[in-house]
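Descriptive structure summary
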Amino acid sequence: WVGPYGTAGDQIMVQLPGLKDPARAKAIMGQTARVDLKLVESGPVSDENVLKTNGQVPEDMEIVKGVSTNPTDPSRTSYLVKKVAVISGNEVRNAKQTIDQYNQPAVSFTLANEGAAKFGNATAANIGKQLAIILDNQVVSAPVIESKIDREGQITGHFTMQESQDLALVLRSGALPATLTYLSTEEVGPT
């Protein structure tokens, strides 16, 4: 949960029920500058040259690398995505780790009114295509659009519980348009 906290309007309180590792949450939230959801034209591929037409990236597209434990690794996968985002992190109102219909880890999310209409149109027109979730210009996930999604949706895939929790945190923190400075961190147990 994220909400206003300070009297000057420049502080927020972030509560993450059930989170066992506050340091990990701070690391993920602190690194987040921008989250965009963009349509994938092609990929993932290990050689980004395969994504080019006559050696050039199409004008309305861009090549984005997939997340790697070693960001300087040239063999990371690459995606060709639309330059214009379907929605950005500031249009996500909530995201949480959940379980899908097959009892596998997933992420559920809710969009703001302005993002819901755009996302509904884009997902209806692109069923069967991938949608890249891009954090700081790296693809962290690229699920397939299975149906039209308006206000609420679910991201499924082959996630571990930790990966789905991290992705939900990325989506939630992507709605924060500012750098975070931590005033305090406290762990609250059940009451």
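Everything below is about the structure printed above this text.
Anyway, here's the lowdown on the structure attached to this text. (Residues numbered from 1 in each chain as written. Predicted model: local features only at pLDDT ≥ 70, side-chain atom pairs only at ≥ 80, totals over all residues. Heavy atoms only, no water.)

**Considering the overall build of the protein**
Looking only at helices and strands, the protein has three helices and eleven strands in total. Contacts spanning at least 24 positions in sequence make up 62% of the contacts within the protein whose residues lie at least 6 apart. Total accessible area on the protein stands at roughly 11500 Å², and carbon and sulfur atoms take up 49% of it. (Helix = DSSP H or I, 4+ residues; strand = E, 2+ residues; numbered from the N terminus. Contact = heavy atoms within 4.5 Å. Areas by Shrake-Rupley, 256 points an atom, 1.4 Å probe, with all protein chains shown as cover.)

**Some thoughts on the environment of D47**
By the secondary structure assignment, D47 is in the loop between β3 (35–45) and β4 (61–66). Along the sequence, D47 and T77 sit 30 residues apart, while their C-alpha atoms lie 7.3 Å from each other.

**Let's talk about the nonpolar core**
Of all hydrophobic cores here, the largest spans 24 residues; its most connected members are L37, F119, I155 and L171. Looking at this core, the elements that each hand over two or more residues are β3, β7 (92–99), β8 (105–111), α2 (113–125), β9 (131–135) and α3 (161–173). Broken down by element, the residue count for this core peaks at four residues, all from α3. Look past the residues within four positions of F119 in its chain and what remains in contact with it is L37, V86, I87, F109, L111, L131, I149 and D150. (Core = buried A, V, L, I, M, F, W, Y, C linked by side-chain atoms within 4.5 Å. Buried < 20%, exposed > 50% of the residue type's maximum accessible area, 1.4 Å probe, protein only.)

**Focus on the sheet that holds β7**
Taken in spatial order, the three strands line up as β7-β8-β11 in an open sheet, and their pairing is antiparallel. Edge positions in the sheet fall to β7 and β11 (152–156), since each of these pairs with one other strand and no more. For this sheet the average axis-to-axis angle between neighbouring strands, irrespective of direction, equals 25°. Two strands pair when backbone bridges link them, and β7 and β8 are joined in this way by seven bridges, in the antiparallel orientation. Opposite V92, over in β8, you have L111 as the bridge partner. Lying over the sheet, α2 contacts β7 and β8, oriented at roughly 115° with respect to β8. (Pairing = 2+ DSSP bridges. Axes fitted to C-alpha atoms, helices over the stretch in contact; angles between N-to-C directions.)

**A word on α2**
Compared with an ideal rise of 1.5 Å per residue, which puts 13 residues at 18 Å, α2 spans 19 Å between its outermost C-alpha atoms and is within 8% of the ideal. Buried within α2 we find G115, A116, F119, G120, A122 and T123. The inward-facing, buried residues of α2 contact β3, β6 (87–88), β8 and β9. (Expected span 1.5 Å × (residues − 1).)

**As for the pattern of salt bridges**
Applying the stated rule across the entire model yields five salt bridges. In this structure, R93 engages E114 in a salt bridge whose closest nitrogen and oxygen atoms are separated by 3.7 Å. With R93 in strand β7 and E114 in helix α2, this residue pair connects regions lying 21 residues apart in the sequence. Two residues, D150 and K148, come together in a salt bridge whose shortest N-O distance is 3.8 Å. (Salt bridge = Lys/Arg side-chain N within 4 Å of Asp/Glu carboxyl O.)

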